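What follows is each chain in one-letter form.
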Amino acid sequence: MRICVLGAGYVGLATGVMFGELCHEVICADIDRTRVRAVNSGRLPFYEPPLERELRKLVRSGSLKATEDVEWAVGESDIIFICVQTPSMPSGRIDIRPVKSASRNVGRALKKSQGYKLVVVKSTVVPGTTDSVVKPLLEAGSNKKAGKDFGLCMNPEFLQEGSALKDSIEPSRIVVGSGDERSAKILLDLYKPVKSPKIRTDLRTAEMIKYASNAFLATKISYSNEIANICVRLGIDSQKVLEAVGMDPRIGPRFLKPGLGFGGSCLPKDVKALKDRAKQLGYNPRLLSTLLAINSIQPSEGVRLLEMELGGLSGKKIAVLGLAFKGGVDDVRETRALPLVMELLGKGAVVTAFDPMAMANFIRLMPTIRYASSAAECLNGADACIVQADWPEFKKLGRKEFSSMKHPIVVDGRRFLDPESVRRAGAKYLGIGFGSAE
Ligand code: UDX
């Protein structure tokens, strides 16, 4: 099959590389020339080493290429995946202009092309969008009928940044939403080599599954944070509590880690969009509002631990380790580092920050603080440090680095360091939902 992927972002490139690995010919189309050039030279426009390695192989072998010519790419392909972004607007509603523009382009290309093609929406869109926005634009642009002259499916993705390729090749499930049998069959056949459970639904249900999944993951995290915030005030280690809670098979152990809150390109955006849609429908989504409210106060929990330890932050030098929304990525979208640093500055602290990969992106958000070129340099002379992203290399910090601090105090904002190792390295450990282990 010849596959076209519209949008050379995380989802588009992971989808393109996955189908390339399954021996299909892939064209990635994007209006951004810099991205197209990067892909054609085997480079990703973001940090995801395993995906980049496979991309390079496919580009070299000629089975994956990128272009700015969307209509040409669509004309050349049998199946077209719309993977463009749907960013949040200030109200929480998603901006579907990129999806509309992609649909118009695909519609125009369908008009000129012969034969039956399948269009698949993979972008995260609120329930009803594929049917009431994408479909009419495709039909108007092409002068053809969906379900008759061309196919239409909705096929959400569930990948996590940092494991984009693995999550695409071995997804937990494949959801195929469609309004007609022929479209669904083509997409199910395409996914035949992927041995994951497959669920056939209508278009709106497929769209809702994505939102419901992310809302649940976000709920688990905010629940963990609420429990952690109570535990720390009771002098109980929340990690032990949540570990035991997660042993109940009805609950499960994953996404129960307390911290400074969830960020990234999906969880905050999708929960806000679902909340906004529910409100439009006249329903007040209390759980979604509350889980977002818990998320917004979590950075203050880290600041509170620092204040308790230092007795006020005015003039204190604070090292912030990790600026990405989580370790292992260079993405700073909705990173909790931003409200964290802003609160620290608001309390008069002098902040120095470091991240192994995300520093350039964070500097664009906040150009005015000091940046260090290594974790060791960041810690040097600091009154305390707070770890905001779970980069594995922060686990290797030891006596040498901590001894250069004015006060060797480590606040673990992600509960991923080993308190004992930190203590053995001569530093005081404080964790979210843990308090102090001396
Ligand atoms: C998420 C979903 O996991 C994925 O299924 C969806 O398709 C896209 O959104 P991603 O954005 O890559 O993926 O991030 P994820 O690994 O889920 O982490 C999101 C945030 O939650 C991070 O800030 C992380 O630090 C935080 N988190 C995660 C916690 O605070 N506690 C946890 O237990 C898990």
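These numbers were taken from a predicted model, which means no experiment stands behind them.

Peer 1: Help me understand the overall build of the chain, please; the structure alone is not making it clear to me.
Peer 2: Secondary structure assignment for the chain yields 17 helices and 15 strands. By the compact-globule yardstick of 22 Å for 438 residues, the chain fits well, its C-alpha radius of gyration being 23 Å. Across its three principal directions, the C-alpha atoms of the chain cover 70 × 45 × 35 Å. The buried share among the 438 residues of the chain stands at 55%. Within the chain, contacts between residues at least 6 apart in sequence are counted, and of these 72% link residues at least 24 apart. Within the chain, the 48 negative side-chain charges are centred at a point lying 2 Å from the centre of the 64 positive side-chain charges.

Peer 1: Hey, could you run me through the packing of helix α9 (residues 203–234) against helix α12 (residues 286–310) in this one?
Peer 2: Between two packed helices, both the angle of their axes relative to each other and the distance between the axes serve to describe the pair. Where α9 meets α12, the axes come as close as 9 Å, and the angle between the chain directions of the two elements is 45°. Accordingly, the angle class assigned to the pair α9 and α12 is oblique. For α9 against α12, the interelement crossing comes out left-handed. Here A215, A218, T219, S222, N225, E226, N229, V232 and R233 of α9 lie close against α12, whose contacting residues are L287, L288, L291, I294, N295, I297, Q298, E301 and R304. Of the residues belonging to the contact of α9 with α12, the class tally is eight nonpolar, six polar and four charged.

Peer 1: Could you clarify how one ought to interpret empty space enclosed by the protein in this entry?
Peer 2: Gaps between atoms show up when a probe of the same size as a water molecule is rolled over them. Taken as a whole and assessed by the stated rule, the structure comprises one cavity of 30 Å³ or more. Residue lining of the largest cavity: 15 residues in total, with K122, E157, S168, P171 and Y191 positioned closest to the centre. With three residues, helix α1 (residues 10–21) is the single largest residue contributor to the lining of the largest cavity. Its residues assigned to classes, the lining of the largest cavity comprises eight nonpolar, three polar and four charged.

Peer 1: How do you make sense of the site of the ligand when you look at a structure like this?
Peer 2: The environment of the ligand is made up of 20 residues, and the closest members are Q160, E161, K257, F325 and K326. Separating an oxygen atom of the ligand from a backbone N or O atom of F158 is a distance of 3.0 Å. Here an oxygen atom of the ligand and a side-chain polar atom of Q160 are 2.6 Å apart. Relative to its unbound accessible surface of 660 Å², the ligand loses 92% to contact with the protein. Of the residues forming the shell around the ligand, the biggest block, four residues, is contributed by α9. Considered class by class, the residues forming the shell around the ligand number ten nonpolar, four polar and six charged.

Peer 1: Would you explain the packing of aromatic side chains in this entry?
Peer 2: Ring pairs (aromatic) are described by centroid distance and by the angle formed between their planes. Tallied over the full model, the rule gives six aromatic pairs. Pairing Y10 with F46 gives two aromatic rings, centres 3.9 Å apart and planes at 20°, and the pair type is stacked. Separated by 36 residues along the polypeptide, Y10 in helix α1 and F46 in the loop between α2 (33–40) and α3 (49–61) bring together distant segments of the chain. F46 matches Y10 in its accessibility class, with the two residues each being buried.

Peer 1: Where do I start with α9 in this structure?
Peer 2: Think of an α-helix as 3.6 residues a turn; residues three or four steps apart then line up on the same face. For α9, which comprises 32 residues, the first-to-last C-alpha distance of 47 Å matches the rise-based estimate of 46 Å (1.5 Å per residue) to within 8%. The first or second residue beyond α9 is G235, which carries a positive phi of 75°.

Peer 1: What should I look at first to understand the side chain of T130 in this one?
Peer 2: Mapping T130 onto the fold places it in helix α6 (residues 129–142). Owing to a relative accessible area of 0%, T130 belongs among the buried residues under this scheme. Each residue touching T130, except ones within four places of it in the same chain, is listed here: V121, V125, K135, L152, C153, M154, L203 and E207.

Peer 1: What is the right way to look at the pattern of salt bridges in this model?
Peer 2: Side chains bearing opposite charge may pair, as long as their charged atoms lie close to each other. This structure, assessed with the given rule, holds 28 salt bridges. As a salt-bridge pair, K112 and E71 come within 2.6 Å of each other at their nearest N and O atoms. Of the two residues, K112 is situated in helix α5 (residues 97–112) and E71 in helix α4 (residues 70–75); the sequence distance between them amounts to 41 residues. Judged by its relative accessible area of 64%, K112 is exposed. For E71, a relative accessible area of 22% puts it in the partly exposed group. Look at the salt bridges and you will find they share partners, linking E71, R108 and K112 into a network.

Peer 1: How should the layout of surface pockets be read in this particular structure?
Peer 2: Of the voids in this model, the second largest pocket is the one considered here, and its volume is about 170 Å³. Along the walls of the second largest pocket sit Q239, L242, E243, P253, F255, L256, K257 and P258, which together make up its complete lining.

Peer 1: How should the packing of helix α11 (residues 267–280) against α12 be read in this particular structure?
Peer 2: At a closest axis distance of 9 Å, the pairing of α11 and α12 adopts a crossing angle of 145°. Between α11 and α12 lies a crossing whose hand is left-handed. Only L288, S289, L291 and L292 of α12 make contact with α11, whose side of the interface consists of V271, K272, L274 and K275. Among the residues forming the contact of α11 with α12, the class breakdown is five nonpolar, one polar and two charged.

Peer 1: Any chance you could explain the nonpolar core here in plain terms?
Peer 2: Generally speaking, soluble globular proteins have nonpolar side chains that are buried together. In terms of nonpolar packing, the biggest core is built from 93 residues, with F81, I318, V320, L321 and L344 touching the most fellow members. Per element, the largest residue contribution to this core is seven residues, and it comes from α1. Ignoring anything within four residues of it in the chain, the contact list for L321 reads F354, A375, C378, L379, C385, I386, V387, Q388, A389, F394 and L397. Counting residues in each nonpolar core, the second largest holds 44 residues, with C4, V106, V133 and L152 among its members.

Peer 1: Would you explain the pairing of strand β5 (residues 118–121) in this entry?
Peer 2: Side-chain positions along a regular strand alternate between the two faces of the sheet. Burial along β5 is two-sided: the residues L118 and V120 and V119 and V121 are all buried. Where strand β4 (residues 79–82) lies against β5, four bridges are found, and the strand directions are parallel. Residue pairing for β5: F81 is matched across the bridge by V120. Handedness of the crossover joining β4 and β5 through α5: right-handed. Across four bridges, β5 lies against strand β6 (residues 151–154) in parallel orientation. Residue V119 lies in a different strand from β6, and its bridge partner there is L152. A crossover links β5 with its parallel partner β6, the connecting element being α6, and its sense is right-handed.

Rules of the game
Residues numbered from 1 in each chain as written. Predicted model: local features only at pLDDT ≥ 70, side-chain atom pairs only at ≥ 80, totals over all residues. Heavy atoms only, no water. Helix = DSSP H or I, 4+ residues; strand = E, 2+ residues; numbered from the N terminus. Rg over C-alpha atoms; globule rule 2.2 N^0.38 Å. Buried < 20%, exposed > 50% of the residue type's maximum accessible area, 1.4 Å probe, protein only. Contact = heavy atoms within 4.5 Å. Lys, Arg positive; Asp, Glu negative; His and termini not counted. Charge placed at Lys NZ, Arg CZ, Asp CG, Glu CD. Axes fitted to C-alpha atoms, helices over the stretch in contact; angles between N-to-C directions. Parallel < 35°, antiparallel > 145°, perpendicular 65-115°, else oblique. Left-handed = near helix turned anticlockwise from the far one by under 90°. Nonpolar A, V, L, I, M, F, W, Y, C, P; charged D, E, K, R; others polar. 1 Å grid on protein atoms, 1.4 Å probe; cavity = no way out; pocket = protein on both sides within 12 Å on 5 of 7 lines; lining within 4 Å. Points joined across faces, edges and corners; volume = space filled by probe spheres on them. Near = heavy atom within 4 Å. Polar contact = N/O pair within 3.5 Å; in protein donor to acceptor, adjacent residues only side chain to side chain. Areas by Shrake-Rupley, 256 points an atom, 1.4 Å probe, with all protein chains shown as cover. Phe/Tyr/Trp six-rings, centres within 6.5 Å; stacked < 30°, edge-to-face > 60°. Expected span 1.5 Å × (residues − 1). Salt bridge = Lys/Arg side-chain N within 4 Å of Asp/Glu carboxyl O. Core = buried A, V, L, I, M, F, W, Y, C linked by side-chain atoms within 4.5 Å. Pairing = 2+ DSSP bridges. Right-handed = clockwise from strand over helix to strand, strands pointing away.

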